[in-house]
Amino acid sequence: MSLQFQIQASSGKGRVARLVTPHREVETPVFMPVGTLGSVKGVPQEVLEELGVQILLGNTYHLYLRPGVEMVQRLGGLHRFMAWPRAILTDSGGFQVFSLNDLRKVSEEGVTFRSHLDGSSHFFSPECAMKAQIALGADIIMAFDECTEYPADTERTRSSMELTLRWAARSKQYFEEHKQEVPWGTASTARHPASGTPPSSRSREREAAGRMPDAGSPELDGSTQSLFGIVQGAMDPKLRRESAARTIEIGFPGYAIGGLSVGEPRALTREIVEATLEHLPTDTPRYLMGVGTPEEIVEYAHLGIDMMDCVLPTRAARHGLLFTSQGRVSIKQARYAEDEQPLDPNCGCRVCQRYSRAYLRHLYASNEVLAQVLNTVHNLSFYLDTMRAVRHSILLGAKAHFLSGE
């Protein structure tokens, strides 16, 4: 078993599904907090579990540079290294390399780039990115792609899309040849003779006891990672359609929409997402990379997106911008200096249940580390609660359609 995706209910274009990975069952649509370096900045793993985080995103580029994927592999993979028993997805590093601009050089073979840490030279190819992600051992890994800049003309967009397709085929070939090298489980094809309890349930039992599954344990025996393909094509709907068709032809268990949130207008982002979704399979997970605001994740979930990630809730928290049911709050403003109200009266998170706006404003104004921690906990809670509400609304909508006979 590597991945199972079972749609349980749908309402309009939105759907609620069960995504089964080797380490965790995930309810979709799901928001994935970004844990770039194996941590969500300022928030320990037990708090993430308390918040209900089902799956985290790690980044291959950053982990490759520090502490190094070989070290993580020797320590049993990213799950064991960061003491996170639930699911993990790793980005291939393509977007981060794209973001280096003048520090990178793209060729058919791959990308030569300089580290943003010390200027040292490195090379990523599809094969290198797969090797690194296999070593990290995330449940879901991504094909190596080129993210097209915005704006880009048709010639540049097609050239980039074609390169991504060739890299996708190379990524899949390397993955299929080396997926047994994952640092957890035995990756054998034989199923473990279990007592009838599904692996995910046994994993939850271990998780509740505060223990990680052992490498080669029944929970992971026979499990492998899953490699998702990425659809590119910049802001050209025709190229997006072609990219989707040809990526599906290569064949992956899930598909991501990449190359968005690179400076284009929000209305154009939605237009391209809708245009791309029309051409993606309905029976596989659909992942929209790097999006978005609370309003956007609701919108895209109802359009049929199953997985989303974004640095916004954590990054905004560190800058004092907080999302609430009553709108955005810039906690740094002086007007909150004597405000005894909770940050969001409608929020049940540990921050809103205990601390006042005045205290949160004091922490931020005093440059206390605790300000970043509490702000991040709240923003993540808001995003996760928002997605729970979306799943609930889709389930209610599906039930209403059933009861009305439509």
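Up top you'll find the structure we're talking about.
All residue numbers refer to position in the chain's written sequence, counted from 1. Only residues with pLDDT of at least 70 get local features here, since the model is predicted, and only at 80 or more are side-chain atom pairs given and counted; chain-wide, interface and lining totals rely on the full set of residues. Side-chain descriptors were evaluated using all non-hydrogen atoms of the structure, hydrogens and water having been removed beforehand.

Which residues make up the overall build of the chain, and what are the values?
Counting from the N terminus, the helices are DSSP H or I runs at least four residues long and the strands are E runs at least two residues long. In terms of helices and strands, the chain carries 15 helices and 16 strands. Burial classes follow relative accessibility: with a 1.4 Å probe on protein chains only, a residue under 20% of its type's maximum area counts as buried, one over 50% as exposed, and anything between as partly exposed. Taking all 406 residues of the chain together, the buried fraction comes to 56%. Here, two residues are considered to be in contact whenever any of their heavy atoms come within 4.5 Å of each other. Here the analysis covers contacts within the chain between residues at least 6 apart in sequence; of these, 68% occur between residues at least 24 apart. Summed over all atoms, the accessible surface of the chain reaches about 17,200 Å², with 50% contributed by carbon and sulfur. The protein chains shown are the only cover counted for residues, whose accessible areas, like all others here, come from Shrake-Rupley with a 1.4 Å probe.

Describe in detail the sheet that holds strand β8 (residues 111-114), supporting the description with residues and values.
Pairing between strands is defined by DSSP: at least two bridges between them are needed. Taking strand neighbours across the sheet as the criterion, the three strands line up as β7-β8-β9 in an open arrangement whose pairing is antiparallel. Only two strands of the sheet have a single neighbouring strand rather than two, namely β7 (104-106) and β9 (121-124). Direction aside, neighbouring strands of the sheet carry axes that sit 15° apart on average. Where β8 meets β9, four bridges bridge the pair, whose relative direction is antiparallel. Across the sheet, phenylalanine 113 pairs through a bridge with histidine 122, a residue of β9. To obtain each axis, a line is fitted to C-alpha atoms, and for helices this fit is confined to the stretch in contact; angles are then taken between N-to-C directions over 0 to 180 degrees.

Requested: an account of the pattern of salt bridges, with residues and values cited.
Here a salt bridge means any side-chain nitrogen of Lys or Arg lying within 4 Å of a carboxyl oxygen belonging to Asp or Glu. Within the structure shown, the criterion is met by 20 salt bridges. Between glutamate 299 and arginine 270 there is a salt bridge whose closest N-O contact spans 2.1 Å. Taken as a pair, glutamate 299 in helix α11 (residues 294-303) and arginine 270 in helix α10 (residues 266-277) lie far apart in primary sequence, 29 residues in all. The class for glutamate 299 is partly exposed, based on a relative accessible area of 26%. Beyond isolated ion pairs, a larger network of salt bridges with shared partners links Arg158, Glu162, Glu242 and Arg246.

Kindly report on the environment of histidine 302, identifying the contributing residues and their values.
Mapped onto the secondary structure, histidine 302 falls in helix α11. For histidine 302, a relative accessible area of 33% puts it in the partly exposed group. Measuring from C-alpha to C-alpha, the distance between histidine 302 and proline 29 comes to 8.9 Å, with 273 residues separating the pair along the chain. With residues up to four places along the chain from it excluded, the contact list for histidine 302 reads Lys13, Gly14, Val390, Ser393 and Ile394.

Describe α11, and please don't skip the residues or the numbers.
Within the sequence span of α11, burial applies to Pro294, Glu296, Ile297, Tyr300, Ala301 and Leu303. Within two residues after α11, glycine 304 carries a phi angle of roughly 110°, on the positive side.

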